[in-house]
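As a plain string of letters, each chain reads:
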Amino acid sequence: MTLLTVRRDGEIAVVTLDNPPVNAISEAVRKELFEMVGQLDADPEVRAAVLICAGRTFLAGADVREFGKPPVEPHLPDVVDRIEGAEKPWVAAIHGAALGGGFEIAMGCRFRVAVESARVGLPEVTLGVIPGASGTVRTPRLAGIETAVDLVTSGRPMPAGKALKAGLIDAAVSDLESDAVAFARAALNAELPLPVSQRPLAPMPEDFWQDARKRAATAGHQAPLRALDSLRFATEHGFAEAMAHERETFLDLRGSDEAAALRHIFFAERAAPKPSALKGIEPRPVRTVGVIGGGTMGAGIAGACREAGMEIILIERDDEAVARGLANVGKIFDGAVKRGKLSEEDRAGRMAGVRGSTDYAELADADLVIEAVFEEIGVKRAVFAELGRVCRADAVLATNTSYLDPRAIAEGLPDPSRFIGLHFFSPAHIMKLLEIVPTPDTAPDVLATGFALGRALNKMPVQAGICEGFIGNRILKRYRAEAEALVTQGVAIAEIDAAMRGYGFRMGPFEAQDLGGLDIAFLQREGARAEGQDVPETLGDILVRAGRKGQKTGGGWYDYAEGDRTPKPSASVAALLADRVSGSAALSGPQIADRLVGAMAAEGEAILREGIAQSPQDIDLVEVHGYGFPRWKGGPMFAAGLRDSAR
Ligand code: 3H9
């Protein structure tokens, strides 16, 4: 054995698995665990076993890297059965997370104990599969069907306290190893509970399943519904039959496009925060952050940084604006209190670390300053002139611009090597994406500081090069242009939106613009025109000129009744655009989605060719985390790759 070690504590064998970084269940782990059961059963001195893991977590699940390869024996369901069938009872001692196959192994054990900070769960649907080693069959027998449906269809892990109440674990402990050994010893003196597979399970009425189906359904995402089918099957059939059904579904999904897409995102998300080009480069420490501008964006950035434990200095023009900015940050924490995520006391502590001022001199000690003022080059340059004057020579200076050229903003800055673009998305305390935009002058450790900040803020940092709109907004522009092109070819606006919802977006391109307002992009185009750029008139321009800026003006691409956000196809829009529509194209929903996703991918290709993005994965992460692209489709680059390989 190389991954498992055994230590004896009297009649209890403590089996420790050490397979860094997360004790994923690889072929070798399955093999060693399977053999360990026999070894301990054969040892007359051992009466019970404790399974515990070294490192940061209990078993994190099946080794996802093996999913693309043919399954090799012993299969995980057999390992779980083998542990459950052991002559000596096993106790799973859980810290970190017991996820997927890791929790399935824990369910094969006769008991489960966990420290308070642990989580248990079955996240398989987030990888496009269903549990494949009895998660849909043992969980309802262990903790009831409601808990099982919640755990399996949401994929969300449950904290130990809640899991204890739900019956997923048997005890919460503090000193994991010694308490688990004591638990095992005590268990030997009492009657053992039935193995989970032998516990009774009653079928549920039709209503229950219909209700669960409604809750689990997400457009285009098949795994949650297949998981639900498997849970239902388990309540209506015997254990062995249910296991065979679960395995068949698991293997079927394992090879699906959806599973491949979700694996692609899983690994991309883990690679993005630590780019290999920055290996060995120390980021600058960031404890105090200055934020210039207390509007929605500035306050969101301040809230996010404060949440990560940084001290904040918020700079505004006058006292009134300072008060408004601080109130905006306060509202963010109020929201967290309302949702039960923060206590009143903690809220006060958060706000105590946010200082407002009109005086730039307050930034003399800041490690990082992020500018989030009006998108006007003169205003921004004036801010950086002040920062160049007052900040420490090693402070990192960042702009949150979305459309301006960061090089132009940095012009005149005494030391441009400490300047960088940090493009947050609104609301900045919620949205995961952070585009990091170095200029040719940015020092490597300043770039590394951007990534370190992204990690500290629990965001998805992606490096972007300089061009109009960087990665995300540039693709958005192309996406909208293609959607407008379809309208000019005679495809109904509502059909386009419905197609993109059917593909998995929460909203289609036109309803999303009505919500956000058509005027923002319009003003940008007008600005470019005023500078003499050749920007052709868009359909959106026609609507804005007619006063249709979206929901806020009672109409945009659609009409809205007073106080009602339901979009209604608009005769006025049809009349306004009549001159520009010259076809009557009939496209199916999937054909429409194919056109629009294809356009996004084509822009992505151009972005790659120009070196604006470092990899196709980065583009996919931008779309998934910043623009609502369904993660189970893998992002536009992945989706286009699949489509091309199918042709
Ligand atoms: C399953 O179990 C199916 C079964 O039902 C049936 C089978 C028959 N495999 O996230 P981190 C790597 S499906 C391989 O940054 P953290 C990850 O790529 C599985 N590798 O750590 C990264 O590598 P690198 C169900 C994995 O501390 C490194 O570990 N389980 C796996 O922030 C660190 O990862 C899941 O979906 C894996 N399963 O968080 C759990 N997991 O350093 C997925 C991680 O080279 N994992 N890696 O970039 C997690 O949620 C988190 O990793 C965890 C730790 C919460 C455990």
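My aim in this report is to walk through the structure given alongside it, one point at a time. Just so you know, these numbers come straight off a predicted model, no measurement behind them.

## Observations regarding the overall build of the protein
Tallying secondary structure elements over the protein gives 26 helices and 19 strands in all. Radius of gyration (C-alpha) of the protein: 28 Å, near the 26 Å computed for a compact globule of 647 residues. Overall size of the protein, expressed as C-alpha extent along the three principal axes, is 85 × 60 × 45 Å. Expressed as a percentage of its 647 residues, the buried residues of the protein come to 54%. Contacts in the protein between residues far apart in sequence, at least 24 positions, make up 72% of those at least 6 positions apart. On the protein, roughly 27,700 Å² of surface is accessible, and the fraction owed to carbon and sulfur atoms is 52%. Distance between charge centroids for the protein: 1 Å, based on 73 positive and 89 negative side chains.

## With respect to the sheet that holds strand S8 (residues 158-159)
Spatially, the three strands line up as an open sheet ordered S5-S7-S8, and their pairing is mixed. The sheet is open, and its two borders are formed by strand S5 (97-99) and S8, each paired with just one other strand. Running at roughly 90° to S5, helix H3 (residues 101-108) makes contact with S5 and strand S7 (119-121) of the sheet.

## Re the pairing of strand S3 (residues 48-53)
Within S3, six of the six residues are buried, leaving the element largely enclosed by the surrounding structure. Here S3 shows two buried faces, one formed by Ala48, Val50 and Ile52 and the other by Ala49, Leu51 and Cys53. Pairing between S3 and strand S4 (residues 90-94): three bridges, direction parallel. Residue pairing in the sheet places Leu51 in a bridge with Ala92 of S4. Each parallel crossover has a hand, and for S3 linked through helix H2 (residues 76-84) to S4 it is right-handed.

## A short note on the sheet that holds strand S2 (residues 12-17)
What holds strands together in a sheet is hydrogen bonding between their backbones, with the strands either parallel or antiparallel. The six strands are arranged S1-S2-S3-S4-S6-S9 in an open sheet whose pairing can be described as mixed. Looking at the sheet topology across the chains shown, the edges are occupied by strand S1 (4-9) and strand S9 (171-173). The sheet shows a mean angle of 25° between the axes of neighbouring strands, taken without regard to direction. Bridging between S4 and strand S6 (residues 111-115) involves four bridges; their strand directions are parallel. What sits directly across from Ala92, in S6, is Arg112.

## Re the pattern of salt bridges
If you walk through the whole model with that rule in mind, you get 48 salt bridges. Here Glu177 makes a salt bridge to Arg7, at a shortest N to O gap of 2.6 Å. Here the residue Glu177 occupies a position in helix H7 (residues 176-188), and Arg7 occupies one in strand S1, the gap between them amounting to 170 residues. Residue class for Glu177 comes out partly exposed when judged on its relative accessible area of 27%. In this structure, the salt-bridge partner of Glu386 is Arg389, at a minimum N-O distance of 2.6 Å. Within this pair, Glu386 and its partner Arg389 are both found in helix H15 (residues 377-390), separated by three residues, close to a single helical turn. Linked through salt bridges whose partners overlap, the residues forming this network are Arg525, Glu526, Arg529, Glu537, Asp541, Arg545 and Arg580.

Procedures and definitions
Residue indices follow the written sequence of each chain, beginning from 1 at its first position. The model is predicted, so local features are restricted to residues of pLDDT at least 70 and side-chain atom pairs to those at 80 or more, both for listing and for counting; the totals for chains, interfaces and linings are taken over all residues. Excluding hydrogens and water, the side-chain values take into account all heavy atoms of the structure. Secondary structure follows DSSP: runs of H or I at least 4 residues long count as helices, runs of E at least 2 residues long count as strands, and numbering of each begins at the N terminus. In this description the radius of gyration comes from C-alpha coordinates, and the expected globular size is given by 2.2 Å times residues to the power 0.38. Relative accessibility under 20% of the residue-type maximum defines a buried residue, over 50% an exposed one, and the middle range a partly exposed one, all with a 1.4 Å probe and only protein chains included. Residue contacts are counted whenever heavy atoms from the two residues lie within 4.5 Å of one another. Per-residue and other accessible areas were derived by the Shrake-Rupley procedure at a 1.4 Å probe size, with only the shown protein chains allowed to occlude residues. Counting rule for charge: Lys and Arg are taken as positive, Asp and Glu as negative, and neither His nor the chain ends is counted. Where a charge lies is defined by one atom per residue type, namely NZ (Lys), CZ (Arg), CG (Asp) and CD (Glu). A pair of strands is considered paired only if DSSP assigns at least 2 bridges between the two. To obtain an axis, a line is fitted to C-alpha atoms, over the contacting stretch when the element is a helix, and the angle between two such axes runs from 0 to 180 degrees between their N-to-C directions. Orient the strands so they point away from the viewer; a crossover is then right-handed if the path from the first strand over the helix to the second runs clockwise. For salt bridges, the criterion is a side-chain nitrogen of Lys or Arg within 4 Å of an Asp or Glu carboxyl oxygen.

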